[in-house]
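Listed below, chain by chain, are the residues.
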Protein chains: 2
Amino acid sequence: MNLRDLRYLLAVLEHGHFGRAAEACGVSQPTLSVQLRKLEAELGVALLERGARGVAATAACRSLLPHVRAALAEAEAIQAQARRLRDPLSGPFRLGIIPTLAPYLLPRVLAGLRARLPNLEIEPWEDLTDSLLERLRAHDLEACVIATEPDQPDLLSRPLFAEPFLAALPPAHPLAAFPSVAQEELARDILVLAEGHCLRDQALAVCRTAAGQPMRATSLVTLMHLVAAGYGTTLIPALAAAAAREMGLVLKPLATGASRTLRLVWRARSPHRPAAEAVAESIIALTDRAWETSC
Amino acid sequence: MNLRDLRYLLAVLEHGHFGRAAEACGVSQPTLSVQLRKLEAELGVALLERGARGVAATAACRSLLPHVRAALAEAEAIQAQARRLRDPLSGPFRLGIIPTLAPYLLPRVLAGLRARLPNLEIEPWEDLTDSLLERLRAHDLEACVIATEPDQPDLLSRPLFAEPFLAALPPAHPLAAFPSVAQEELARDILVLAEGHCLRDQALAVCRTAAGQPMRATSLVTLMHLVAAGYGTTLIPALAAAAAREMGLVLKPLATGASRTLRLVWRARSPHRPAAEAVAESIIALTDRAWETSC
DNA sequence: TTTTATGATAGAGTTTATCTATCAGAGAGT
DNA sequence: ACTCTCTGATAGATAAACTCTATCATAAAA
């Protein structure tokens, strides 16, 4: 069976006349005759009653018509949807983001992304780096934003921007009196996130220490609450500065100005690369020096 | 676009592998490659992301999939329905019946028709002869039962059976005392149906008179009520005898044994002829001498 | 680096659809 | 009764499409 033949059928019924239906379909009358006879033969059902005054549907044909129309409507829908999707900057786009970034980046950029890429339906997905990359490779995500450089050869990435780290201290902390903090001093009572968070490894690396306080915090917010309660210090990424400050923490730049580089990652062969690039550009534009205004 | 290509698409997505999908479709692998590339070109959208480990749907493709599945499901439905309709004694069958017959014939035969032709969905339609024939020719009915012989050359018919006329009298009527009634005597105070009912013309013809009492009855039931109330006499078809008797009328055979012949009519070119013939046979079998048992 | 797996490509062959030209049948009008 | 006209069916040629086998290109795995 063929969508074309179904269109022929509807045309003949609509016009009640092979010749006019053929004209409407842009083919010759014998074409319709032959194809519709074939359709009847294939289905094993008489669909048309051919009279001298024109053509009419048989009862069987009438009972098939709803399905015929539905099939053609679905085909139409496919083409209409495809027309919309023809713009590479359109359609669903599942974007993974690490948890230490998502709550602080998304509010800043989502509205702007919608404005700049109105046809791209961005669906954010928050998870740890490893899970994100796994999902990305499993085609469960179109791209993701992480703070490390993926080493898998089937993934490509481009840097978005460097996000400075800031020392986060309780107001009463001795280091809070200085304009900046040296990493080694911070290392003494630093609190870090649970394993799997790239920020944990980065904080420890920045402070040149192997382990922080034996606390298990699974979110940056928890970590900041712990610091505010005086359990220790921590390192937070700049985009989280405003949230930290609202919780009463004192933020100080690091003496070395360490930062993490956020990257957008996608599959090397992904046809969504244009969309990914556009998303990257937009995020860069929308967050440019965002932390400077919030420091 | 083509249903076949949509099936190819689903197969490739299901197997995640062109070769295995091709095997499942019973074609060669290059066929799938070529056809799916064409489909992508036609839609202008990348549907597949081809990787060394297999194939995956793009986000665009995923957003099309519901429509793809729906289109194929509708095509399936057409074929399934056609398979059912392949039996000529199946499917919808709109059957017109004249009003002086329908209420008395249908209760006798409908259950039997369902039993004998279980797949034929008979939809009765009650109307006057002229309307029925008009609808029949307009393909709004598959067949109809009337009591006259249609003279249109594009209609065919076959007789079902002869239905005798009976004189219907109020119990107090002088003619009620005799075993049978001569038409001329009945003619004096005969009540007939409104114009358009074939029974009106037949009653007048049987009684060899030009006009009955100036009463306008649009149904046999009304007519029988009038007779029961003593307004006059009438002629009723045998199948209505039981109903008339229940209303207290006295029924007498006519001296000449006049009757009307019921016929099943269908379009000469109708592919529903087998169903019509079967319906005719069934009606004959189911009503054979039905009035004898009710006289 | 070789091997293996996978999809893409080329060219031939086959099937299918379409066209033009013509036919057959039924009404309509004379 | 006899054309004339309208309508769909049919035949044969042509064109388009699909599909095949054989082979290639690429990338991951050994």
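What counts, and where the lines are drawn
Position labels on residues start from 1 in each chain and follow its written sequence. The naming scheme follows written order: chains are lettered A onward, ligands numbered 1 onward. Restriction of local features to residues with pLDDT of at least 70 applies here, the model being predicted, together with a cutoff of 80 or more for giving and counting side-chain atom pairs; totals for whole chains, interfaces and linings are based on all residues. Only heavy atoms go into the side-chain values, all of them from the structure, while hydrogens and water stay out. By the criteria applied, helices consist of DSSP H or I runs no shorter than four residues and strands consist of E runs no shorter than two, each listed in order from the N terminus. In this setup the radius of gyration rests on C-alpha atoms only. A globule is expected at 2.2 Å times the number of residues raised to 0.38. Partly exposed describes any residue whose relative accessible area lies between the buried limit of under 20% and the exposed limit of over 50%, with all areas from a 1.4 Å probe on protein chains only and scaled to the type maximum. Contacts are assigned to residue pairs with any non-hydrogen atoms lying within 4.5 Å of each other. We get accessible surface area from the Shrake-Rupley algorithm with a probe of 1.4 Å; when it comes to residues, only the shown protein chains can shield them. The quantity reported as buried area is the accessible area (1.4 Å probe) lost by two parts once they are put together, taken as the sum for both. Basic side-chain nitrogens of Lys or Arg form a salt bridge, by our definition, when they fall within 4 Å of a carboxyl oxygen of Asp or Glu. Contacts described as polar in this section are N or O atom pairs within 3.5 Å, which, within protein, must combine one atom able to donate a hydrogen with one able to accept it, while residues neighboring in sequence count only if both atoms come from side chains. Gly is placed with the polar residues, together with every amino acid not listed as nonpolar (Ala, Val, Leu, Ile, Met, Phe, Trp, Tyr, Cys and Pro) or charged (Asp, Glu, Lys and Arg). Domain limits in this description derive from either an automatic procedure or a database domain assignment. Our superposition of the copies is a least-squares fit, built on the C-alpha atoms of residues whose pLDDT is at least 70 in both. A 1.4 Å probe that fits but cannot get out identifies a cavity on a 1 Å grid over protein atoms alone, an open set with protein on both sides within 12 Å along at least five of seven lines counts as a pocket, and a residue lines either if it has an atom within 4 Å of a point. Grid points are joined across faces, edges and corners, and a volume is the space filled by probe spheres set on the points. Think of it this way: one heavy atom of a residue within 4 Å of a molecule or strand is enough to make that residue near it.

On to the overall build of chain A, then. For chain A, the count of helices and strands is 12 helices and nine strands. A globule of 295 residues ought to have a C-alpha radius of gyration of about 19 Å, yet chain A, at 31 Å, is considerably larger. If one aligns the C-alpha atoms of chain A with their principal axes, the spans along those axes are about 105 × 35 × 35 Å. Within chain A, the proportion of its 295 residues that are buried is 52%. Put simply, 72% of the contacts in chain A that link residues at least 6 apart link residues at least 24 apart. When the accessible surface of chain A is summed, it comes to about 13,100 Å², and 52% of that surface belongs to carbon and sulfur atoms.

Before going further, it helps to spend a moment on the interface of chain B and chain A. At the interface, 44 residues of chain B touch 45 residues of chain A. Of the roughly 3,800 Å² buried where chain B meets chain A, counting both sides, 62% is carbon and sulfur surface. Three residues, M1, E49 and I78 of chain B, lead the burial of chain B against chain A; their summed loss comes to 17% of the area buried on that side. Put simply, chain B and chain A have four salt bridges between them. Here E142 of chain B makes a salt bridge to R62 of chain A, at a shortest N to O gap of 3.0 Å. Taken together, the links from chain B to chain A amount to 14 residue pairs in polar contact (both at pLDDT 80 or more). Elements that contribute at least two residues to the side of chain B that touches chain A include exactly α1 (3-15), α3 (29-43), β1 (48-51), α4 (59-85) and β3 (91-97) of chain B. For the side of chain B that touches chain A, the element with the most residues is α4 of chain B, which contributes 17 residues. Split by residue class, the side of chain B that touches chain A holds 21 nonpolar, 11 polar and 12 charged.

A few words on the pattern of salt bridges. Residues and elements named next belong to chain A. Going through the model one piece at a time under the given rule, you end up with 30 salt bridges over all chains. The residue D140 makes a salt bridge to R135 at a minimum N-O spacing of 3.6 Å. Under the relative-accessibility criterion, D140 is labelled partly exposed at 34%. Residue classification places R135 among the partly exposed positions, given a relative accessible area of 29%.

By a widely used convention, the size of an interface equals the accessible area lost when the partners come together. In terms of domains, chain A is made up of domain 1 (3-85), domain 2 (91-161 + 260-294) and domain 3 (163-259). Computed over C-alpha atoms only, the centres of domain 1 of chain A and domain 2 of chain A are separated by 48 Å.

Here we come to the relation of the copies chain B and chain A. Least-squares fitting of chain B to chain A yields an RMSD of 0.2 Å, with the superposition described by an axial translation of 0.0 Å and a rotation of 179°. Expressed as an axis order, the relation between the two copies is that of a two-fold axis. Identified as the residue of chain B closest to the rotation axis by C-alpha distance is A71 of chain B, at 2.4 Å.

Attention shifts here to the side chain of T287 of chain A. Residue and element names in this part refer to chain A. Structurally, T287 can be placed in helix α11 (residues 273-287). A distance of 2.7 Å separates the side chain of T287 from the backbone oxygen of I283, its partner in a polar contact. Look past the residues within four positions of T287 in its chain and what remains in contact with it is L105, V109 and F161.

A volume near 360 Å³ is recorded for the largest pocket. As for the largest pocket, its lining consists of 16 residues, and the residues nearest its centre are H139 and D154 of chain A together with G51, A52 and R53 of chain B. When contributions to the lining of the largest pocket are tallied by element, the ones reaching two or more residues are β1 and β2 (54-57) of chain B. Of the residues in the lining of the largest pocket, the class split is six nonpolar, four polar and six charged. Roughly 310 Å³ of internal volume is contained in the second largest pocket. In terms of lining residues, the second largest pocket is bounded by 13 residues, among which G51, A52 and R53 of chain A together with H139 and D154 of chain B are the most central. Elements with a minimum of two residues in the lining of the second largest pocket: β1 (48-51) and β2 (54-57) of chain A.

Take the protein's contact with DNA strand C next. As a structural note, the neighbourhood of DNA strand C is formed by 22 residues, with S28 and T31 of chain A together with S33, R37 and R50 of chain B the closest of them. Sugar and phosphate atoms form 80% of the subset of DNA strand C atoms that lie within 4 Å of the protein. Here a sugar or linking oxygen of DNA strand C sits 3.3 Å away from a polar atom, N or O, in the side chain of H17 of chain B. In this structure, R37 of chain B approaches DNA strand C through a side-chain N or O atom, which is 2.7 Å from a phosphate oxygen. Among the residues making up the surface near DNA strand C, the classes are represented as eight nonpolar, eight polar and six charged.

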